[in-house]
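# What the coordinates show
Okay, here's what each chain looks like letter by letter:
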There are 2 protein chains.
Amino acid sequence: MQTGNGKEYKMIYLDNAATTLKKPMQVGEAMLNALQTMGNSSRGMHKGSMDAAHAIYGARVKLASFFHCPRPDHVVFTSNITESLNIALYGLLKSGDHVIATDLEHNSVLRPLYLLQKERGVMVDFVPADRSGLINYADFERLMRPNTKLAVCTHASNLTGNVVDIKKVSSIVHAHGALLIVDAAQTAGTWPVDMQEMGADVLCFTGHKGLMGPQGTGGLCIRKGVEIAPLIVGGTGVQTYSTSQPEQYPTRLEAGTLNGHGIAGLSAAIDCLNEIGVETIQTKEIMLTKRFYNGVRNIPGVTVYGDFSGEHLGIVLMNIRDYDSGEVSDLLSEEYGIATRAGAHCAPRLHEALGTKEQGAVRFSFSWFTTEEEIDTAIEAVKRIAEEE
Amino acid sequence: MQTGNGKEYKMIYLDNAATTLKKPMQVGEAMLNALQTMGNSSRGMHKGSMDAAHAIYGARVKLASFFHCPRPDHVVFTSNITESLNIALYGLLKSGDHVIATDLEHNSVLRPLYLLQKERGVMVDFVPADRSGLINYADFERLMRPNTKLAVCTHASNLTGNVVDIKKVSSIVHAHGALLIVDAAQTAGTWPVDMQEMGADVLCFTGHKGLMGPQGTGGLCIRKGVEIAPLIVGGTGVQTYSTSQPEQYPTRLEAGTLNGHGIAGLSAAIDCLNEIGVETIQTKEIMLTKRFYNGVRNIPGVTVYGDFSGEHLGIVLMNIRDYDSGEVSDLLSEEYGIATRAGAHCAPRLHEALGTKEQGAVRFSFSWFTTEEEIDTAIEAVKRIAEEE
């Protein structure tokens with residue numbers, strides 16, 4: 001697979017956990033083709049509209065297969081995973097419900113929960129993370145209450161890159177008759193994600209990170225029988241005379257015109273991922289991560305966060321001495337042409353657990369397009385910054 | 001301006017009120033460029049992230065100027081106008097509030113209102129439409145109550161194409177201290193839209209119709225001082241440690257990664273519109289509409305809906321005899337290669353007013369790229385279908 005990046009791009013892009021900048025060439029081609037041929041899906045019976053409907057349905061089928069969602073019509077498109085998580089949490093939690101989250105969660109989970117606490121009296125408990133950013137699965141058991149409606153858990157931390165054993169979580173959650181929402185923001189496309197095998201009742205994903213699709217795409221895969229009330233209602237092109245949103249998925253959660261052009265790009269990205277194989281991507285990212293971790297871990301003054309003994313994504317979080325993480329990231333960008341992300345990363349509880357609230361931390365994150373040479377250049381840059389004073 | 005549609009596209013596309021299929025060439029080019037260079041806006045300080053932030057801010061500036069929104073940071077991006085309208089209605093209406101809407105409104109306004117009625121006890125009144133699809137402005141005055149929080153009104157009907165005099169509406173609404181939300185789905189890009197001059201407090205727009213941008217884009221322009229509570233909350237890249245969504249616009253209403261690639265396309269589309277001039281587009285659409293209307297109005301068996309004495313967009317709604325509108329639209333598509341939309345059009349109250357609930361209606365809608373030859377072919381097709389029996 002070639003990257004669509006035709007220009008000689010000089011930046012070493014190691015901020016793939018924020019968004020993958022290099023995309024397969026086919027993604028742009030598919031978007032351009034869609035832009036030239038797509039009408040409005042479900043809003044007519046002519047070729048333009050039908051082409052859009054077929055392309056979008058085709059993307060549902062591919063995503064259902066990719067994530068092992070039993071029904072393609074239970075794949076719902078959104079504009080990003082934040083919308084997916086808001087839809088799932090608002091659409092499932094009612095007044096008096098109890099929910100279990102973890103310290104690993106992103107603000108896309110935390111802020112809806114805090115608001116639901118305030119507005120609907122939903123009760124929230126958090127599985128704590130230790131100073132390595134790990135959770136103890138027994139805490140899910142400990143926090144269960146009779147009114148626990150659901151647990152929500154990330155598949156992997158966007159800070160440390162540590163992967164959570166969702167199967168363990170779901171077995172506890174399901175034993176208590178509760179549901180499990182999984183945030184696959186970091187794992188979709190970089191790690192095998194089988195929602196049935198892991199026991200996710202709702203799987204939320206985004207298109208522009210590991211899936212290497214365009215921004216403006218994302219969605220949820222819903223297990224049959226899970227009833228999520230819509231967050232956004234409006235025109236659907238069907239059942240015009242009904243005063244409420246149609247009941248059936250995916251229409252129930254998809255009001256207004258879908259991002260057909262973006263979905264066409266995402267669909268092409270899935271084809272590319274299938275061609276390479278997610279396991280191959282995973283193997284490469286693990287290799288790159290090990291190479292980087294082994295290169296930086298013993299540099300005097302470097303602190304690496306998280307646990308490297310278990311399953312670990314293509315993310316390495318670090319600080320250099322007591323340097324402000326923003327300044328280190330700026331140096332990396334300006335002096336070495338290396339793009340990373342610094343500061344806080346929308347995961348406030350985990351920063352507190354790791355003890356990086358004040359300093360923030362520098363995150364290096366890799367993708368299928370990252371090369372070993374880039375890793376080595378990044379190691380060298382860290383070394384030099386750590387040697388300066 | 002050239003259309004990006006490189007292929008010999010044989011369909012005569014007259015479904016532009018659903019989505020414009022032909023886009024300026026620059027839109028696709030801008031999206032492709034963004035796909036190759038954009039990081040995640042506001043999630044880093046490296047070139048990829050800063051490029052994204054600059055491109056998105058640039059689009060805000062252009063849209064603010066285009067719609068005469070006083071502040072670029074009060075231009076909020078969404079994935080479509082349905083989301084914009086949901087945000088505005090949910091974010092402004094509280095329990096006990098009264099709202100005035102009209103029979104012209106789309107389900108993207110009606111369904112949120114019906115749900116707010118049910119869930120929050122919001123009270124809703126409708127300005128009725130007559131059999132020509134016209135409203136009486138005095139009805140806004142008549143329906144005002146002391147607890148009227150706002151009125152919501154379309155700038156032009158997506159069914160009849162009749163343009164509403166928003167200035168008249170706002171003067172009544174504002175005299176009572178209420179707010180006005182304007183749905184500019186059909187007018188943005190095809191009609192001059194000056195939110196200050198028309199007196200809109202919130203202007204909702206979509207990117208993929210008259211603005212000729214990609215699907216997956218839209219937004220709201222908010223007058224300073226109008227406080228809309230967020231519908232979706234989550235990560236914003238700023239104020240990570242705040243438990244609630246940041247207060248300032250646009251971040252308040254923009255959680256999660258924006259559709260940077262789509263916004264880049266929309267931004268290029270605005271440049272094209274500015275180059276042509278919206279008044280030039282308006283003049284052309286009026287000319288095309290008159291040509292089509294004059295060509296079909298006297299064909300025996302043809303009923304045209306709406307009023308053609310006042311301001312009128314590039315939309316003509318009709319039926320042929322008592323033929324099912326869906327069958328007529330299919331015939332147009334299959335026999336004549338003309339794309340239209342039939343059936344109900346997500347505007348149920350207006351269908352009832354026009355008396356087209358059972359039959360639906362066939363909508364022909366034009367764009368900047370529609371030619372006089374296409375109009376003449378469409379007239380001829382209507383004539384032939386009306387002559388058959």
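Residues numbered from 1 in each chain as written. Chains lettered and ligands numbered in written order. Predicted model: local features only at pLDDT ≥ 70, side-chain atom pairs only at ≥ 80, totals over all residues. Heavy atoms only, no water.

### A closer look at the overall build of chain A
Secondary structure assignment for chain A yields 12 helices and 12 strands. Taken over the C-alpha trace, chain A has a radius of gyration of 21 Å; the compact-globule value for 389 residues is 21 Å, and the two agree within 12%. Here the C-alpha coordinates of chain A stretch approximately 70 × 55 × 30 Å along the principal axes. Counting only contacts in chain A whose residues sit at least 6 apart along the sequence, the fraction spanning at least 24 positions is 70%. Counting only carbon and sulfur atoms, one obtains 48% of the accessible surface of chain A, whose full area is about 13300 Å². Treating the 34 positive side-chain charges of chain A as one cloud and the 44 negative ones as another, the clouds have centres 5 Å apart. (Helix = DSSP H or I, 4+ residues; strand = E, 2+ residues; numbered from the N terminus. Rg over C-alpha atoms; globule rule 2.2 N^0.38 Å. Contact = heavy atoms within 4.5 Å. Areas by Shrake-Rupley, 256 points an atom, 1.4 Å probe, with all protein chains shown as cover. Lys, Arg positive; Asp, Glu negative; His and termini not counted. Charge placed at Lys NZ, Arg CZ, Asp CG, Glu CD.)

### Notes on the pairing of strand β8 (residues 218–222) of chain A
Residues and elements named next belong to chain A. Buried residues dominate β8, accounting for five of its five residues. Alternating positions in β8 separate into two faces, G218, L220 and I222 on one and G219 and C221 on the other, with burial throughout. Sheet analysis places strand β2 (residues 75–78) next to β8, joined by four bridges and oriented antiparallel. When the sheet's bridge partners are listed, V75 is paired in β8 with C221. Inspection of the sheet shows strand β7 (residues 202–206) paired to β8 by five bridges, in the antiparallel sense. Of the residues in β8, the one forming a bridge with L203 is C221. (Buried < 20%, exposed > 50% of the residue type's maximum accessible area, 1.4 Å probe, protein only. Pairing = 2+ DSSP bridges.)

### Regarding the interface of chain B and chain A
The interface of chain B with chain A comprises 82 residues on the first partner and 82 residues on the second. Both sides of the chain B and chain A interface together cover about 6200 Å² of buried area, and 57% of this is carbon and sulfur. When the buried surface of chain B facing chain A is broken down by residue, B:R111, B:Q215 and B:Y241 rank first, second and third, together holding 13% of it. Between the two partners, chain B and chain A, sit 30 residue pairs in polar contact (both at pLDDT 80 or more). With eight residues, the single largest contributor to the side of chain B that touches chain A is helix α1 (residues 25–37) of chain B. Tallied by class, the residues present in the side of chain B that touches chain A amount to 28 nonpolar, 43 polar and 11 charged. (Buried area = accessible area lost by both parts, 1.4 Å probe. Polar contact = N/O pair within 3.5 Å; in protein donor to acceptor, adjacent residues only side chain to side chain. Nonpolar A, V, L, I, M, F, W, Y, C, P; charged D, E, K, R; others polar.)

### Thoughts on the relation of the copies chain B and chain A
The transformation that overlays chain B on chain A combines an axial shift of 0.0 Å with a rotation of 180°, and the residual RMSD is 0.0 Å. On this basis, the relationship between the two copies can be described by a two-fold rotation axis. Mapped onto chain A, 100% of the interface residues of chain B are again interface residues, and the two copies thus contact each other with one and the same surface. (Least-squares fit on C-alpha atoms with pLDDT ≥ 70 in both.)

### Thoughts on the side chain of A:T217
Residue and element names in this part refer to chain A. Topologically, T217 is positioned in the loop between β7 and β8. For T217, the side chain forms a polar contact with the main-chain oxygen of P214, separated by 2.8 Å. When near neighbours in sequence (up to four residues on either side) are disregarded, T217 contacts T78, S79, N80, T206, G207, H208, N259, G262, I263 and L266.

### Description of helix α8 (residues 260–276) of chain B
Residues and elements named next belong to chain B. With 17 residues, α8 ought to run about 24 Å at 1.5 Å a step, and its terminal C-alpha atoms sit 25 Å apart, in line with that. Within α8, 14 of the 17 residues are buried, leaving the element largely enclosed by the surrounding structure. In the stretch just after α8, G277 is the one whose phi turns positive, near 95°. (Expected span 1.5 Å × (residues − 1).)

### Regarding the packing of aromatic side chains
Summed over the entire model, instances satisfying the criterion amount to 12 aromatic pairs over all chains. With a centroid separation of 5.6 Å and 70° between ring planes, the pair formed by A:F292 and A:F366 is classed as edge-to-face. Of this pair, A:F292 sits in helix α9 (residues 278–296) while A:F366 sits in the loop between β12 (362–365) and α12 (372–387); the two residues are 74 residues apart in sequence, bridging distant segments of the chain. Of the residues examined, A:F366 reaches a relative accessible area of 3% and is grouped as buried. Connected via pairs of aromatic rings, a cluster forms that spans A:F66, A:F67 and A:F205. A cation over a ring is seen here: A:R349 above A:F126, with NZ or CZ 3.5 Å from the ring centre. One Lys or Arg, B:K357, reaches over the ring of A:Y241 and ends 5.0 Å from the middle of that ring. (Phe/Tyr/Trp six-rings, centres within 6.5 Å; stacked < 30°, edge-to-face > 60°. Lys NZ or Arg CZ within 6 Å of the ring centre and 35° of its normal.)

### Quick word on the sheet that holds strand β8 (residues 218–222) of chain B
Residues and elements named next belong to chain B. Read from one edge to the other, the open sheet built from seven strands follows the order β2-β8-β7-β6-β5-β3-β4, with strand pairing classed as mixed. The open sheet is flanked by β2 (75–78) and β4 (123–127), the only strands paired with a single partner. The average angle at which neighbouring strand axes cross in this sheet is 20°, direction not considered. Running at roughly 115° to β2, helix α2 (residues 47–67) makes contact with β2, β7 (202–206) and β8 of the sheet. (Axes fitted to C-alpha atoms, helices over the stretch in contact; angles between N-to-C directions.)

### So, a negative patch on the surface
Residues and elements named next belong to chain A. Taken together, the side chains of E334, E335, E380, E387 and E388 make up a negatively charged region of the molecular surface. By the element assignment, E380 lies in helix α12. Taking the relative accessible area as the measure of exposure, E380 reaches 34% and is therefore partly exposed. (Patch = residues over 30% accessible without salt bridge, like charges linked within 9 Å, V, L, I, M, F, W, Y side chains within 5 Å. Salt bridge = Lys/Arg side-chain N within 4 Å of Asp/Glu carboxyl O.)

### Some words on the nonpolar core
Counting residues in each nonpolar core, the largest one holds 74 residues, and the members touching the most others are A:I181 and B:I181. Ignoring any residue separated from it by four or fewer positions in sequence, one finds B:I181 in contact with B:L85, B:A88, B:L89, B:L92, B:L150, B:A151, B:V152, B:C153, B:V202 and B:C204. (Core = buried A, V, L, I, M, F, W, Y, C linked by side-chain atoms within 4.5 Å.)

### Details of the side chain of A:T236
In this structure, A:T236 sits in the loop between β8 and α8 (260–276). Engagement of the side chain of A:T236 in a polar contact is seen with the backbone oxygen of A:V238, the distance being 2.9 Å.

### A closer look at the sheet that holds strand β9 (residues 302–304) of chain A
Residue and element names in this part refer to chain A. Spatial ordering of the open sheet is given by β9-β10-β12, a layout of three strands whose pairing is antiparallel. Looking along the sheet, the strands with just one partner apiece sit at the ends: β9 and β12. Between one strand axis and the next, the sheet turns by 30° as a mean value, whatever way the strands run. Pairing geometry for β9 and strand β10 (residues 315–320), over three bridges, is antiparallel. Across the sheet, the residue bridging to V302 is I320, located in β10. The sheet strands contacting helix α10 (residues 325–336) are β10 and β12, and the helix crosses β12 at an angle near 45°. Of the strands in this sheet, β9, β10 and β12 touch α12, which is tilted by about 15° from β10.

### What to know about the environment of B:F205
Residue and element names in this part refer to chain B. With respect to the element layout, F205 can be found in strand β7. Along the sequence, F205 and T78 sit 127 residues apart, while their C-alpha atoms lie 9.3 Å from each other. With residues up to four places along the chain from it excluded, the contact list for F205 reads L63, F67, I81, S84, A188, L211, G218, G219, L220, C221 and L266.

### Notes on the domain arrangement of chain A
All names here are of chain A. Here the domain parsing of chain A yields domain 1 (12–23 + 277–387) and domain 2 (25–276). Here domain 1 and domain 2 have C-alpha centroids that lie 27 Å from each other. Tallying the contact residues gives 35 residues for domain 1 and 41 residues for domain 2. For the pairing of domain 1 and domain 2, the buried interface totals around 3300 Å² over both sides, and the portion due to carbon and sulfur atoms is 59%. Linking domain 1 with domain 2 are one salt bridge, by the criterion used here. Looking at the side of domain 1 that touches domain 2, the elements with two or more residues in it are α9, β10 and α11 (348–354). For the side of domain 1 that touches domain 2, the class distribution of residues is 16 nonpolar, 11 polar and eight charged. (Domains from an automatic or database assignment.)

### Quick notes on the pairing of strand β5 (residues 148–154) of chain B
Residue and element names in this part refer to chain B. With six of seven residues buried, β5 lies mostly within the body of the structure. In this structure, strand β3 (residues 98–102) lies alongside β5, joined through three bridges in parallel fashion. Bridged to H98 within β5 is T148. Bridge count between β5 and strand β6 (residues 179–183): five bridges; the pairing is parallel. Along β6, the bridge assignment pairs V152 with I181. Of the crossover connections in this fold, the one passing from β5 over helix α6 (residues 166–175) to the parallel β6 is right-handed. (Right-handed = clockwise from strand over helix to strand, strands pointing away.)

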